[in-house]
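If you want the building blocks of each chain, they are given just below.
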Amino acid sequence: MSALIHLENVHFTYPNDSSLSKAVLTNIKLTIHAGEFVALIGANGSGKSTLAKLLNALLLPERGKVLIAGMDTREYGFHTLIRSQVGLVFQRPQNQIVATTVEEDTAFGPGNLGLEPAKIKARVNDALFRTGLAHYRQRSSFQLSAGETQRLALAGVLAMQPRCVIFDETTAMLDPIGREMVMAQIRDLNRQGITVILITHLMQEAAFAERVIVLHHGEIALDDSPSKVFSNNRDLPALGLDLPPATMAASKLIRYFPDLQPNPQSEETLLESLPGYSGEQSHSRSTKHSATSNQPIVSIEDLSFTYMAGTPLAQPALDHLNLQVDQGKVHALIGATGAGKSTILQHINGLYRPQSGRVLVAGLDTSDSRLDIMALRKKAALAFQQPEDQIFEQYIGDEIAYAPRHLGYQGRLEDIVRSAMQVAGLDFDEYKDRLTSTLSGGEKRKVALASILAIQADILLLDEPLSGLDPQASREFLRTMDDQKKAGRTILVSTHQYDEMLPLVDWVSTIHNGKDCLHGNSEFVFSQIETLEEIGLRAPLPARIAARLIQLGWPIIRDTATFTSLEHQLASLTSRGAV
Amino acid sequence: MSEFEYLSKIALGQYLPVDSPIHRLNPGIKLAGYILLILAVTLSKQLAGLGIALIAIFLLLLLSQIPIPFALRGLRSPLPFILILAIFQFFMISQRSSETPFFTWHFLRATMDGLLSSGILCLRFFELILLLSAASSTLSTLEIVYGLDILLRPLSWLGFSTAQASMIIQIMLRFLPSLALSAEKIAKAQASRGAAWGNPKAGLIQKGRQLLPFLVPLFIVNLQQADALANAMLARCYGFNQKRTSLTDYSFGWNDALSLAAVLVFSVLIVFFTGTRFVF
């Protein structure tokens, strides 16, 4: 194997950036051979994206050398060749689309290479076929779904016929099935001989690679096979990382099944290695779940909503939806991308008014023309998807004080801001006068959270709060959510990352095509593996482990979806000498 | 009700991907045709000429399969300004007219001249906006780029970089919908934290005061997006080759010749026809 990518003592700092004056990358030595599948992981701000841009000659090293197939990136004359050989798929696919139609966008790269129309056509055909977009040729590029936009971004890179493709957190905005499709595609590309570098926050994705490189504060902390990196689990939390869910599950289950392999490569391997049951036979039981008797604080009745109504681009989002949220509970909305989850949240906050049907929030009817909208917004605070994009003040203190200033508040403004920042994990004196533009991704997310908490609303509406957060930041966020729940707040959260959120969630509504098609307590909903799969969702790992155990004859309760209840049952079963 | 759907309020910058005879034309011809018609409508002084333009435009919309309500959507936001202009025009012309007024009140006079001229003003704006809507629905951004490339080709002999100029326009057009989307996001983020957006009870002054803290982040967000796009373009080898090539080999056919002829005839009629005779 020849070295496709070779880095010698590379140092890099962003120029003219006084706030981030320390080196972003220091002394990177790295060789990647043609055909390898490498995962690049590390906490937010550890330098992963910077490294990706160095490999594509978008950035040039300050010291040291970056060689791509022997070509030094500092030689300007090599840039066309380097960039056509090392393709880069960025974090936000919608920011990479140049043209208005799918076909023309795919042709942008080959056009830049100055190829003849016939050759461009052949490459475009090939790239669209490989990404499954062949039927979308003439489709307008900003009318695509998130997953399709993602595939278009990849098609644009594949049309350059690269030897290596770098995926920079490509799956962060996708639902679980969309993520799996992208991952399958990535593995396919690698099998066809293309070198793949995958940057990700999801450890289960990293586990698919042949080699895992961990960046920490701009240095390579670990560089080894996934099984070695993830068996070294004491170092991982310090690096802001986690174990892949399968490994974490194995470490929990090994107490009951001592023969289990401690480091399964994937969730499938883990499920297949579970042992059969040899204890006394009894039928697997199921529990009854009663509807909660609590008073609903949000009640949605027969709500329908269409985007761009009355235009050729009209798109139905909600279809006679009924939904109730009980006071003091954590209620999760799950469903594939585009199912209507964000639309529901924005109705509760009064950003959208019902086109038909009714939305009642703490006694306020949002279709009432005399509705006091400020009162509604004080009751239900909404944090948007990618909230860091929606920070609009210059100083953090002002950003957080915005809501109390405009909605009215009781007590001293400073106290409100201070306590909101404290809850969100930001030190008041250190952060209040800092510029919002100098924050890292994780810090921005905290500021966005604090600015919502400052409203002191009874209901928190959170739209995909975990997307793009590294494992450590996710854990901190979940802790904050738990505190809010204990303080008696009602939380309605839409999420694709329900595995992480599982222990917190009381009630789940599954949204499909703008309808609530399955709801109940989280143990019930998440154990309906087939129903979830039909609407494009994957049940959480503990639920799939429980189902597999039931299949193997273990007398496990059917509605088992959390590790807590699974471990509880296994403890009593295995102590009876069942294994 | 969705006061935040800014995207639905702009018809400009939205390509309608249908396969119509107009869509299939050579982009150079399409672009030249739209420019000619827009010039003709702007220069026309006669009601009759503008009447012919109206016929031409509806014929165009029909041929290109653009739903009329969709084309009219772009009219919604400039309408108040056009009406105010028309009222000014009405009184200005009436004031200067030597005709006997059909209505007077204090110093204000209303004459048929004034009515006619403000009517022409309204009609002209109406037609211009329809033409722009039709242009952006039938010309994809890359077609505009190729169209400009074809039309400006003679200038490249003088050392003018036509490829770069057309790319600038392409990016501008591509950003229109995304500008609307990010405006929507910021307005929503502010509204949900107590800003007056979407609050029917808020007064005009309150809404005006919201404008600056809205425009600044909009500007910043779009700069960041532009930066990301520039990176993506560079990563796909933009900027090395002086001569970009394209997917489609645009040739010049009979349809193109016929359309160009039709546009020329219409343009001459629009500018010079007064109803009974030509004025030169």
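Residues numbered from 1 in each chain as written. Chains lettered and ligands numbered in written order. Predicted model: local features only at pLDDT ≥ 70, side-chain atom pairs only at ≥ 80, totals over all residues. Heavy atoms only, no water.

**Comments concerning the side chain of Ser117(B)**
Topologically, Ser117(B) is positioned in helix 6 (residues 112–138). Ignoring any residue separated from it by four or fewer positions in sequence, one finds Ser117(B) in contact with Gln89(B) and Ile93(B). (Helix = DSSP H or I, 4+ residues; strand = E, 2+ residues; numbered from the N terminus. Contact = heavy atoms within 4.5 Å.)

**A closer look at the pattern of salt bridges**
Residue and element names in this part refer to chain A. Applying the stated criterion across every chain, the model contains 26 salt bridges over all chains. Where Arg137 meets Glu103, a salt bridge forms, and the shortest distance between an N and an O atom there is 2.6 Å. Here Glu103 lies in helix 3 (residues 102–106) and Arg137 lies in the loop between helix 5 (117–130) and helix 6 (146–158), a separation of 34 residues in the sequence. Linked by salt bridges that have partners in common, Arg412, Glu414, Asp415 and Arg418 make up one network. (Salt bridge = Lys/Arg side-chain N within 4 Å of Asp/Glu carboxyl O.)

**What to know about unusual backbone geometry**
Residues and elements named next belong to chain A. Within the chain, Gln161 stands out as a residue other than glycine whose phi angle is a positive 50°. Take Gln161: its relative accessible area is 48%, and that puts it in the partly exposed class. Even without glycine at this site, Gln456 takes up a positive phi of about 55°. Locating Gln456 in the fold gives a position in the loop between helix 17 (441–453) and strand 17 (459–463). (Buried < 20%, exposed > 50% of the residue type's maximum accessible area, 1.4 Å probe, protein only.)

**Thoughts on helix 3 (residues 47–63) of chain B**
Owing to its 3.6 residues per turn, the α-helix brings residues three or four apart onto one side. All names here are of chain B. With 17 residues, helix 3 ought to run about 24 Å at 1.5 Å a step, and its terminal C-alpha atoms sit 24 Å apart, in line with that. By the burial criterion, the buried members of helix 3 are Gly49, Leu50, Ile52, Ala53, Ala56, Ile57, Leu60 and Leu61. Where helix 3 is buried, its residues touch helix 2 (27–43), helix 4 (68–72), helix 6 and helix 11 (254–272). (Expected span 1.5 Å × (residues − 1).)

**A closer look at the interface of chain B and chain A**
Taken together, the contact pairs 62 residues of chain B with 73 residues of chain A. Among the residues chain B hides against chain A, the three largest losses belong to Arg193(B), Arg236(B) and Leu247(B). Together they make up 18% of the total. Residue Glu399(A) is joined to Arg193(B) by a salt bridge in which the shortest nitrogen-to-oxygen separation is 3.0 Å. Here chain B is connected to chain A by eight residue pairs in polar contact (both at pLDDT 80 or more). (Buried area = accessible area lost by both parts, 1.4 Å probe. Polar contact = N/O pair within 3.5 Å; in protein donor to acceptor, adjacent residues only side chain to side chain.)

**Observations concerning the nonpolar core**
All names here are of chain A. By size, the foremost hydrophobic cluster in this structure holds 90 residues, and its most contacted members are Ile300, Ile344, Ile348, Ile400, Met421 and Met481. The residues contacting Ile348, other than those within four sequence positions of it, are Val298, Ile300, Val359, Val361, Leu376, Ala380, Leu461 and Leu492. In this structure, Ala39, Ala155, Leu158 and Phe167 belong to the second largest nonpolar core, which totals 46 residues. (Core = buried A, V, L, I, M, F, W, Y, C linked by side-chain atoms within 4.5 Å.)

**Some thoughts on the domain arrangement of chain A**
Residue and element names in this part refer to chain A. By the assigned domains, chain A splits into domain 1 (37–58 + 80–243), domain 2 (252–275 + 542–575) and domain 3 (296–538). A separation of 30 Å is found between the C-alpha centroids of domain 1 and domain 3. Counting residues at the interface gives 21 residues for domain 1 and 20 residues for domain 3. Between domain 1 and domain 3, roughly 1,700 Å² of surface is buried when both sides are summed, and carbon and sulfur atoms account for 49% of that area. Broken down residue by residue, the surface that domain 1 buries against domain 3 is led by Asn44, Met173 and Asp175, which jointly contribute 28%. Our count for the contact surface shared by domain 1 and domain 3 stands at two salt bridges. (Domains from an automatic or database assignment.)

**Describing the packing of aromatic side chains**
Residue and element names in this part refer to chain A. A complete count under the given rule lists 10 aromatic pairs over all chains for this structure. Here Phe305 and Tyr352 contribute two aromatic rings whose centre-to-centre distance is 4.8 Å and whose plane-to-plane angle is 40°, an arrangement assigned as tilted. Here Tyr352 lies in the loop between helix 12 (341–348) and strand 14 (356–361) and Phe305 lies in strand 11 (residues 296–307), a separation of 47 residues in the sequence. The residues Phe305 and Tyr352 share a single accessibility class, namely buried. (Phe/Tyr/Trp six-rings, centres within 6.5 Å; stacked < 30°, edge-to-face > 60°.)

**Points about helix 7 (residues 176–191) of chain A**
Residues and elements named next belong to chain A. The end-to-end C-alpha distance of helix 7, which contains 16 residues, comes to 22 Å, matching closely the 22 Å that a straight helix rising 1.5 Å per residue would cover. For helix 7, the complete set of buried residues consists of Pro176, Gly178, Arg179, Val182, Met183, Gln185, Ile186, Leu189 and Asn190. Looking one or two places after helix 7, you find Gly193, whose phi comes out positive at around 100°.

**Some thoughts on the pairing of strand 17 of chain A**
Residues and elements named next belong to chain A. Burial runs high along strand 17: five of the five residues are buried. Judged by which residues are buried, strand 17 turns out to be covered on both faces: Ile459, Leu461 and Asp463 on one side and Leu460 and Leu462 on the other are all buried. Taken together, the four bridges between strand 16 (residues 380–383) and strand 17 define a ladder with parallel strand orientation. Within strand 17, the residue paired with Ala380 across the bridge is Ile459. Pairing of strand 17 with strand 18 (residues 490–494), which is carried by five bridges, proceeds in the parallel orientation. Along strand 18, the bridge assignment pairs Asp463 with Ser494. In this view, the connection linking strand 17 to its parallel neighbour strand 18 by way of helix 18 (residues 471–486) has right-handed handedness. (Pairing = 2+ DSSP bridges. Right-handed = clockwise from strand over helix to strand, strands pointing away.)

**Topic: the domain arrangement of chain B**
Accessible area lost when the parts come together is the quantity often used to give the size of an interface. Domain assignment breaks chain B into domain 1 (9–139 + 249–280) and domain 2 (161–247). Summarising the inter-unit geometry, the C-alpha centres of domain 1 of chain B and domain 2 of chain B are found 29 Å apart.

**Overview of the sheet that holds strand 15 (residues 364–365) of chain A**
Residues and elements named next belong to chain A. Taking strand neighbours across the sheet as the criterion, the four strands line up as 12-11-14-15 in an open arrangement whose pairing is antiparallel. The two strands at the open ends of the sheet, each matched to only one other strand, are strand 12 (315–326) and strand 15. Across two bridges, strand 14 lies against strand 15 in antiparallel orientation. Residue pairing in the sheet places Leu360 in a bridge with Asp365 of strand 15. Set on the sheet, helix 12 makes contact with strand 11, strand 12 and strand 14; between it and strand 11 the angle comes to about 120°. (Axes fitted to C-alpha atoms, helices over the stretch in contact; angles between N-to-C directions.)

**Considering the sheet that holds strand 4 (residues 63–68) of chain A**
All names here are of chain A. Pairing in this open sheet of four strands is antiparallel, and the strands run 2-1-4-5 from one edge to the other. A single partner strand is all that each edge strand has here, and the edge strands are strand 2 (25–33) and strand 5 (71–72). Here strand 4 pairs with strand 5 via two bridges, running antiparallel. Within strand 5, the position partnered with Ile68 by the bridge is Met71. Strands strand 1 (3–12), strand 2 and strand 4 of the sheet are contacted by helix 1 (residues 48–55), whose axis makes an angle of about 125° with strand 1.

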